[in-house]
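The primary structure of each chain is shown beneath.
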Amino acid sequence: MATSTPQTAPGGGLRARKKQRTRDALIRAALELFTEQGYEETTVDEIAEAVDVSQRTYFRYFANKEDVTFAVQEMVEARFLDELTARPASEDPLTALRSAVMVAWDDIGGAIESVVPVELYMRTYRMIESTPTLVASHLRRSSELEERIAGLIARRAGLDVDADPRPRVLVAAFCGVMRVAGKVWGEGPDCSVASIRELTQSYLDHIQPAIGGDWRSAP
């Protein structure tokens, strides 16, 4: 996950709304071009031209092509982090993670659709998985995100994340499940938010049974 904070929909003000529309248009144009003709084959100039803005304008919103590629994903991740931060202190760590991701998926579909169609979001996911340079970036961003989540979990429990391994171990298992669910969703025929939410819930149901008990016994 990038260290920059994703922009959210602005409040009032004509200029703020115009800037948000331009940013959203650049994201849509970039993802359409990336998925249609390839990430490496697409230039910043082509993205800017598709929105009828200058290259200079593009760089006011995004530092490079990678930033625009992961813009919607960052929005989804930011929504999850907000929910995790707001979870009741009485919840155990795994329950807090599970509840946060399920609540986030309850309303993130509308937020995604306000920027790009969910179908384009799915095509982008597949494009990332098949582009070596983006796979490397995705792994780096995922590692950064896991560190942020582990820090949040540690603070909730009053732990030192560097002294107690449990937050990082739990988050590694949780994020691994999320990656598997995302991969299955990305390869499937149903690109709806309801589908990814259902898959996520089903896969999270298996964390405790998968890591606990005697694996040699029948499931």
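Look a little higher up for the structure.
Everything numeric here is computed off the predicted structure, so don't read it as measured data.

Participant: Could you give me a rundown of the nonpolar core, with the residues and numbers involved?
Facilitator: Counting 59 residues, the largest nonpolar core has Ile-27, Val-72, Phe-80, Leu-84, Ile-112, Val-116 and Ile-149 as the members making the most contacts within it. Non-local contacts of Ile-27, meaning those with residues more than four positions away in its chain, are made with Phe-62, Val-68, Ala-71, Val-72, Val-115 and Val-116.

Participant: Please set out unusual backbone geometry residue by residue, giving values where relevant.
Facilitator: Non-glycine residue Asp-52 carries a positive phi angle of around 65°. Take Asp-52: it is sitting in the loop between α2 (44–51) and α3 (55–61).

Participant: I'd like a rundown of the pattern of salt bridges, residues and numbers included.
Facilitator: The tally for this structure, following the rule as stated, stands at 15 salt bridges. Among the ionic pairs, Glu-66 bridges to Arg-141, the shortest N-O distance being 2.9 Å. With Glu-66 in helix α4 (residues 65–69) and Arg-141 in helix α8 (residues 132–157), this pair connects stretches of sequence that are 75 residues apart. Note on Glu-66: relative accessible area 17%, which makes it buried. We classify Arg-141 as buried; its relative accessible area is 2%. Of the charged contacts, one joins Arg-168 and Asp-162 as a salt bridge, the two residues approaching to 3.1 Å between their closest N and O atoms. A relative accessible area of 31% places Arg-168 in the partly exposed class. Here the residues in one salt-bridge network are Glu-66, Asp-67, Glu-74, Arg-140, Arg-141 and Glu-144, joined through shared partners.

Reading the values: the criteria
- Residues numbered from 1 in each chain as written.
- Predicted model: local features only at pLDDT ≥ 70, side-chain atom pairs only at ≥ 80, totals over all residues.
- Heavy atoms only, no water.
- Core = buried A, V, L, I, M, F, W, Y, C linked by side-chain atoms within 4.5 Å.
- Buried < 20%, exposed > 50% of the residue type's maximum accessible area, 1.4 Å probe, protein only.
- Contact = heavy atoms within 4.5 Å.
- Helix = DSSP H or I, 4+ residues; strand = E, 2+ residues; numbered from the N terminus.
- Salt bridge = Lys/Arg side-chain N within 4 Å of Asp/Glu carboxyl O.

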